[in-house]
Amino acid sequence: MRKVLLMGQANVGKSVLFNRLAGAHVTESNYPGTTVDFAKGRMRLDHEDVEIIDVPGTFSLEPKDRAEEVAASMLKEEKDALVVCVIDSSKVERGLYLTLEVIEKGYPVVVALNMWDVAKDGNIKIDAKKLEQILGVPVVSTVATRGEGLKELVLRMKKAAPGEVEKIVEKVGGKSGTHN
Amino acid sequence: MEKKLSQMKYEEKGRIKEIDQSLRAQIAGMGIREGKEVEMMTKQPIKGPVVVNVDRSNTSIGLGLADKITVEVER
């Protein structure tokens, strides 16, 4: 079965999104050898049943603690997974770091700019179209707690494609490999 | 004036000037990189972490990490 991984930092609404997408088909699992729980569920995507996994929150793919290790290794194990990168719209820059890391690894990605309402309340304006153009992957604004943007998110998941980091770097006029 | 992030005082503001190579990748995911403006929010006692505000959100950083970040502070 195809897998969909929900990834993002802690407290960006991954689990709310997960519960919305998986509905009642949820099983709680304990990752072997750790105390880090994650939930698995099922959803319908393009007339097909897919497994959706709520990955523990992580800042980056270079793990600093147990939960982050689990997140990084889950991604590593699921080579064919589609990844939904969930970002707190009021803290975009942080979220984009992880998103770029996932894109760099070659996974098909969809970005969910979640907590869109919070950003709006804080007078933060995000040009989702432009971001989509730069990243080369679908970008959808969502408010998971109210179910806003979820239909669009699922629709765009079908179109998730791997992005190309070199092209992204080119578009923003930066230099590649400035860190590490 | 330059100082370490760990030496900043409560409510002091500054701009990040240099981050030790060893932790650049580690804290980039927290929205902290060179050129970013930071404000010291809280310092926890007994060598506890510091809490700084970056891009309108608070992030706590271990004192050990904060020691390796250089900030140009406003006067």
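You'll find the structure just up there.
Quick look at the structure, then. Since the model is a prediction, treat every value here as computed from it, not as a measurement.

**Description of the pattern of salt bridges**
1) Next: One pass over the structure, following the stated rule, counts 19 salt bridges over all chains.
2) Next: E68 of chain A is the partner of K64 of chain A in a salt bridge, and the nearest nitrogen-oxygen pair spans 3.9 Å.
3) Next: With a shortest N-O distance of 2.7 Å, D55 of chain B and K36 of chain B are connected by a salt bridge. Here D55 of chain B, found in the loop between β4 (50–54) and β5 (57–61), pairs with K36 of chain B, found in the loop between α1 (24–28) and β3 (37–43); they are 19 residues apart in sequence, far enough to count as distant.

**As for the interface of chain A and chain B**
1) Next: Facing 15 residues of chain A, the contacting portion of chain B comprises 15 residues.
2) Next: Taking both sides of the interface into account, the surface hidden between chain A and chain B amounts to around 1200 Å²; carbon and sulfur atoms contribute 48%.
3) Next: Counting across the chain A and chain B interface gives 2 salt bridges.
4) Next: Here R33 of chain B and E93 of chain A are joined by a salt bridge, their closest N and O atoms 2.8 Å apart.
5) Next: Inspection of the region where chain A meets chain B yields 10 residue pairs in polar contact (both at pLDDT 80 or more).
6) Next: When its residues are assigned to classes, the side of chain A that touches chain B shows 3 nonpolar, 7 polar and 5 charged.

**Quick word on the pairing of β4 of chain B**
Residue and element names in this part refer to chain B.
1) Next: With 5 of 5 residues buried, β4 is to be regarded as a mostly interior element.
2) Next: Across the two faces of β4 the burial is the same, with V50, V52 and V54 and V51 and N53 all buried.
3) Next: Sheet analysis places β3 next to β4, joined by 4 bridges and oriented antiparallel. Bridge pairing in β4 links K43 to V50.
4) Next: Two successive antiparallel strands, β3 and β4, enclose a turn made up of 6 residues, where I46 displays a positive phi of approximately 50 degrees.
5) Next: Pairing of β4 with β5 involves 5 bridges; the strand directions are antiparallel.

Quick notes on the rules
- Residues numbered from 1 in each chain as written.
- Chains lettered and ligands numbered in written order.
- Predicted model: local features only at pLDDT ≥ 70, side-chain atom pairs only at ≥ 80, totals over all residues.
- Heavy atoms only, no water.
- Salt bridge = Lys/Arg side-chain N within 4 Å of Asp/Glu carboxyl O.
- Helix = DSSP H or I, 4+ residues; strand = E, 2+ residues; numbered from the N terminus.
- Contact = heavy atoms within 4.5 Å.
- Buried area = accessible area lost by both parts, 1.4 Å probe.
- Polar contact = N/O pair within 3.5 Å; in protein donor to acceptor, adjacent residues only side chain to side chain.
- Nonpolar A, V, L, I, M, F, W, Y, C, P; charged D, E, K, R; others polar.
- Buried < 20%, exposed > 50% of the residue type's maximum accessible area, 1.4 Å probe, protein only.
- Pairing = 2+ DSSP bridges.

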